[in-house]
Each structure stands twice: as C-alpha cells, then as structure tokens.
Amino acid sequence: MRRLKVKVVGDGGVGKTSFLIRWYKENFASEDDIPLFPGRERILPSVQDPFFTNMTVDQVSYLLTFWDTICGADFLKFRPMEYEETDVFLVFFDISNPSSFQNVSTVWVPELKHYMPSAPILVVGNKTDLRKTGDSPDGMITIAKGRELAERLGTCYCESSADTGDGVHNVIHTAVGLAIQNQTPPKIKLNLKVFKWRGKTPKILQHGPEPPVLSPPDPMPQVKVLPSTFTDDMKKMYRDESGNSDIKLLFNSNNHPLTAHKLILSVGSAVFRDFFLNHGEEVELSRLLSNADSCSCFMTKENKANTGKKSSTKDRLHLAANLQNSVSNHQSLSLSPNLERKSKTGRPKNCLHFNNSVSGRAFQHVLEFLYTGSPNISSDTDEALLTKVMSLSHRLRIPWLGQICENVTNGESYLIPSMVAILHKERSKIVKENFVNKPHFSDVIFHVKNTIFYAHRAVLMARSEVMAAMFGGGFSERDSLEVTIKVTTVRSFMVLLVYLYTDTLPSDMSVGDFRELVVLADRFCLPQLISVCENAIVDLIGAEMKKKRMTAVNCNDIINLLLTGQAHNAPQLARWCLYVITTNYPDFEACDDFDLIKGDNRRHILEHRWPPLSYLKELEEFKRKTGRM
C-alpha cells in the first residue's frame, strides 16, 4: 500500500478544518465499517491532528494522510516543518473573502514553491453554497476568476462546499490524481558502479530567495460597557438631593418625616398606583394599612398645623377627596401649555400621615426598596423590624419585597440578584406604560421638532449631571416649564427618555440610531449610555462584516463613525474604527469618504496599515527575483 501525504493550507476561517471534517465523516459514517485502527475509539480529529483514509486508484491502494494547518502567529515559524514529504498541497480560499483569494498568489503558493518546489498544488475555492443563498455577499469570486488564478500560477482549480458536501469528493480525487502523476517510479540500475570524485568539489544546491513573512495584525481592540449607574442614581433620587419630591410621609411615632415621589410609589406599589393613577378610593388605602394594626391614613398640606390630631372617617374621606382633586389638577396642569411651577423651596407637597401603627423605620426600608430594588436588609436585621417590613409589603402589594425578606430569613440571599433583575424588567414595563412621555405627575415639557415630550425633573436630574445643572443651577431652564431640544430626532430623544427612566434600550435599533444616540448621550454627559452604544455598533457592524466583505457603503459608514466617536467622547468606537480601517486599508482607500480622514488619523492609518508597505515592497522584490511578476 502506497502512502500519500495531503497538506491543507490557507487563511484562517476559509473552511479548511470543516472540509476535512466533512471528508472524515463521509469516510467513517457507518459504525459497521472496519476501523482503521482496531481496538481504538474513533474520535473526530481536532484542528491540528492528522488522520488517515484509504483510497483505490487504478487497482492500486493508497493510504492518504491528511494534515491540517494551524493559523496564528505562534505557529508561523513551525509551519514549514509540516511541509516535508508532502505529495500534494490543497490551497484553500473563501469565495466570499477576496482577501483570502489574494493571499493564495501572494502568500501561500510562493511559500509552498519555495519549500517544496516539486510538489503539485491544487487551488480550492470553498463555501460555494453562499452563491445559492439569497443574501449572498457582494463581490464573490467567480469560477472564471479561480481558474484564471490557477492557470497563472501553473496549478489546477476546484471548488467545494464543506457545508453541503458539494465538490468534496472531486477535490480529493483531483488532488490524489495530481500526487500520483507527480510520483516518479524508482529506476532500477542493473550495473552498480562506484563513482569517485575526481578532485572536483561537489555542487551545493542553493535555495532561491525566501518569500517575505507577513506578520499578523494586532488584536482587535475590545469595547467594554461601563457598569450601570441606575441604582446609584435612584439612591440620589431617594435622598431627594434635588428637592423635587412631591409627597411627604408623616409618622406619629417620633419618626422623622420622609419625602418621596408619587411616580416611584406608583411604580413599586399596586396600592399607590391604583390610588394615584386610577383614582382609587382613599378608604381602600386606609383599609389596607389598617388590616393588622388599625392604621389610618389621611391627606393634609405640608404646612397644616396639628397633623397629629385625631380625625374622623368623614374628615379622612374629605381629605381624600381633596387629594384626588389635587392629583387631577396636577394632571390637567401637565397637559396645559401654561404650567405653573413653584420654586424648589416653595413647591407644595401633599402629605400622607400615618398613625402609631406604622413604623417610620420600617417604611424607610420599604421606600428604599421602591427606589433602588434593594430593601437594605440582611441576616443581621432585627427580626421585629423585618416582620414590620414584610407586613407593609403585603398591605401595599409589593410582593417582591416580601419574597426578598423571606429569602434573607431563610439564608437564601444568593437568590436576591436574580429576583432584582426580574423585578427591574417588570418595573420598566410599568414605567414605560404610565410615565415615559406621559402627563402623570410631569413637571416639564420638551419640544423636539414640533413633538411634545412629558418628563419629570426628579428623574432627569438624578440620571444626568447636565440635566441636574440645567434644572437646578443658574440656567434659564430652572424655572421654565418648557424646554426646546435642537439638533436631534424625535426617535432619538424618545430612546433617551426610555434609557433615563428604565436603563434599557429598544431592541430594534440600527447603526444609524445608535450613532445619533451617541451624540445625544454626549450632550447630556451619559458615558455609560455611550459605552452601550459603542458596543452595539461594533456588534452590528462586526456581524455584517462576517457575512460579506467590506462594501463602499460600509467603508463610508465606518469613516463617519470614526469622526463621530472622536467628536462626541466615544473613544472605544474611534479606536475600533481606526483598527478596521488600518486592517482593510485597500478597501477604504478606494471609498468616497476616505478624504475625510485627515491629520493624526491619516498619519496613524498610514503608519499602521496592514499589510504594511514594507511587506508589499518585499513581496514585489521577491516576485522580481523569482520571475513571478
């Protein structure tokens, strides 16, 4: 049985290993086959492991050894060591990747002819199944181009698809045929003679010039998303640092009063949401708060005297009606273009006054949970306090708080993070349905391209330093009820509001949407949002680049993203764009917007372009010396 060594080479990602796996499976598809190595388990070969198959050609049996190639800088020096005793080389390229096609003639074939000049070469165009798909990439290599390249290199050409198996057998049979034709049968010499050197120095065979070595490009820069600041921002809102709270909670048990926002109470508690938004009866709130402790609640003004004075049911109902009128009036004012808003110190607040049955300390834990999603309790928390918190969560219909308290009691605090994540999704849905661009409790109106957006200063000031300065500093917007936002789109501003209120973004955004959002996020000093946009842009463009080669449209988009990133504090995006441009320099040099790259950007790209100019010059010199121009 004769042995033939088949070596597969080509750029990374062209399908070499997939091709070999396809051939391996087709040869060992049935478990009834006689194993090549009896007693050994058949294991699918890894990338670098050779494997064997049998083939009979013209009644002659051959044992074929298939050798894959590991791509990477670490194996660059050792690659030629695997070329020895190779009977035929398969040089693969991806028909959807012109760069891999170009490297056949500039890298692989020159290298093989240098180290193994007598071994035949078969050029293989892989992934032909992409031609049949509806979303086939532009600029794919045609069969005519492949044959033209093979003819120019003095080799043969075949095509295959490792995915569908088309052409795999033809490639193997063609390669074996070339190897057999290249083998010269040993000559039998009948008359053996001993030759002696007659004073002549034997000739030393000189190798030709070595082909230049193309070093791999630098690794692609990674884009990191900054940690969310949502919880910390909600803590600022909980502490009422901006003084925009609109309700005060009073307790008779010598507890300090608490301030809060109706928006937060409505989002976290079904009882408060029904009362504030759906005009639920005050007696329902009173009944729920007095289930176990006969607690009463009533509404009064912040400046009303004798808040501890006992009130009758009639008085409480009257005060509840006043609250409903107050809420309704607030909503109607929000809808009015002529809103009136008092200053920070003189802004009126409604009050909820609880009797001795409600602990202010327990309610403080409840309130912190409503703002941040965490009740700030642990296994060391006083058991009596924990019981009061759980009771309040039940009466105010805050089920997640009660469940978290139970987990703490049972020593299952490790479940809390996953519960908080689910809670955040549920609250985000409630916020978007009731408060994002809704007039409920709103105290500012934005005008964007003739479109009105309702918002809440407390949320905006907690989430954005620029918004905090705008509404809390010495700017004209401080006492203004209406603000006009220029140089942005309606969709981008709506997405910004969704992010500020929920820390989430819509799932149907395009690269253009994220680019506009980067500009808006920079305007309002939101670095975490910028990093989210940077990561999304890189993922979207990276996925598109994997499907097809760089097009003129993609090149122009990346150039404009580079300029956007540098102008609007998105350094990760700018670095990534520079990397893509330098590693795809020929494609970008030919696009229309390449002239927009100037100054330091142009110098950086020319200095770090890949393949580098030095390599291209060495390659031209190698071709000249070897007559392969």
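Quick summary incoming for the structure in this document. (Residues numbered from 1 in each chain as written. Predicted model: local features only at pLDDT ≥ 70, side-chain atom pairs only at ≥ 80, totals over all residues. Heavy atoms only, no water.)

**Details of the nonpolar core**
Defined as follows: Only buried Ala, Val, Leu, Ile, Met, Phe, Trp, Tyr and Cys residues count toward a nonpolar core, and they belong to the same one when joined by side-chain atoms within 4.5 Å. Each residue is placed in one exposure class: buried if its accessible area under a 1.4 Å probe, protein chains only, is under 20% of its type's maximum, exposed if it is over 50%, and partly exposed if it falls in between. The way it works is that DSSP assigns letters per residue, a run of H or I at least four long becomes a helix, a run of E at least two long becomes a strand, and they are numbered from the N terminus. Throughout, a contact is declared for two residues whenever any of their heavy atoms are within 4.5 Å.
By size, the foremost hydrophobic cluster in this structure holds 104 residues, and its most contacted members are Phe363, Leu367, Phe446, Leu460 and Tyr501. The element best represented in this core is helix α16 (residues 490-502), accounting for eight residues. Once residues lying within four places of it in the same chain are set aside, the contact partners of phenylalanine 446 are Thr451, Ile452, Phe453, Ala455, Leu460, Met467, Phe471, Val483, Ile485 and Phe493. In this structure, Leu20, Leu64, Phe66 and Ala162 belong to the second largest nonpolar core, which totals 27 residues.

**Notes on the packing of helix α12 (residues 399-409) against helix α13 (residues 416-434)**
To keep things clear, this is the line we draw: Only the stretch in contact is used when a helix axis is fitted, and all axes are lines through C-alpha atoms; the angle between N-to-C directions ranges over 0 to 180 degrees. Orientation is classified from the angle alone, with under 35 degrees giving roughly parallel, over 145 giving roughly antiparallel, 65 to 115 giving roughly perpendicular, and any other angle giving oblique. Residue type decides the class: Asp, Glu, Lys and Arg count as charged, Ala, Val, Leu, Ile, Met, Phe, Trp, Tyr, Cys and Pro as nonpolar, and the leftover types, Gly among them, as polar.
Packing of α12 against α13 brings their axes to within 11 Å, and their N-to-C directions diverge by 175°. The angle between α12 and α13 places the two elements in the roughly antiparallel class. On α13, the residues that touch Trp400, Gln403, Ile404, Asn407 and Val408 of α12 are Ile416, Met419, Val420, Ile422, Leu423 and Glu426. Here the contact of α12 with α13 is built from residues that sort into eight nonpolar, two polar and one charged.

**Concerning the sheet that holds strand β13 (residues 482-484)**
What counts here: In this description, strands pair whenever DSSP reports at least two bridges between them.
Strand order in this open sheet of three strands is β12-β11-β13, and the pairing throughout is mixed. The open sheet has two edge strands with one neighbour each: β12 (451-455) and β13. Between one strand axis and the next, the sheet turns through 25° on average, direction left out of account. α16 contacts β11 (444-448) and β12 of the sheet and is inclined by roughly 5° relative to β12.

**Describing the pairing of β12**
As paired elements, β11 and β12 share five bridges and run antiparallel to each other. What sits directly across from histidine 447, in β12, is isoleucine 452. Counted between consecutive antiparallel strands, the loop separating β11 from β12 contains two residues, among which lysine 449 sits at a positive phi close to 50°.

**Some words on unusual backbone geometry**
In the segment running from tryptophan 610 into proline 611, the intervening peptide bond is cis, with an omega of -5°. Inspection of the secondary structure puts proline 611 in the loop between α22 (599-608) and α23 (613-626). Within the chain, glutamate 85 stands out as a residue other than glycine whose phi angle is a positive 60°. Located in the positive-phi region is lysine 449, a residue other than glycine, with phi close to 50°. As for its position among the elements, lysine 449 is in the loop between β11 and β12.

**Comments concerning α13**
Going by this rule: A helix's residues, less one, multiplied by 1.5 Å, set its expected span.
With 19 residues, α13 extends 26 Å from end C-alpha to end C-alpha; this agrees with the ideal 27 Å at 1.5 Å per step. Of the positions making up α13, those classed as buried are Ile416, Met419, Leu423, Arg427, Ser428, Ile430, Val431 and Asn434. Looking at the buried side of α13, the elements it contacts are α6 (262-268), α7 (270-276), α10 (360-372), α12 and α16.

**Brief notes about the environment of glycine 154**
Topologically, glycine 154 is positioned in the loop between α3 (143-153) and β6 (156-159). Counting along the chain gives 34 residues from glycine 154 to proline 120, while the straight-line C-alpha distance between them is 9.4 Å.

**With respect to the packing of helix α17 (residues 511-523) against helix α18 (residues 527-547)**
As a reminder of what qualifies: Two helices cross in a left-handed way if the nearer one is turned anticlockwise from the farther one by less than a right angle. They cross in a right-handed way if the turn is clockwise.
Contact geometry for α17 and α18: axes closest at 9 Å, N-to-C directions at 160°. As the angle between them shows, α17 and α18 are arranged roughly antiparallel. Here α17 and α18 pass one another in a crossing that is left-handed. Residues Val511, Phe514, Arg515, Leu517, Val518, Ala521 and Asp522 of α17 lie in contact with α18, whose contacting residues are Leu529, Ile530, Cys533, Ala536, Ile537, Leu540 and Ile541. Considering only residue class, the contact of α17 with α18 consists of twelve nonpolar, no polar and two charged.

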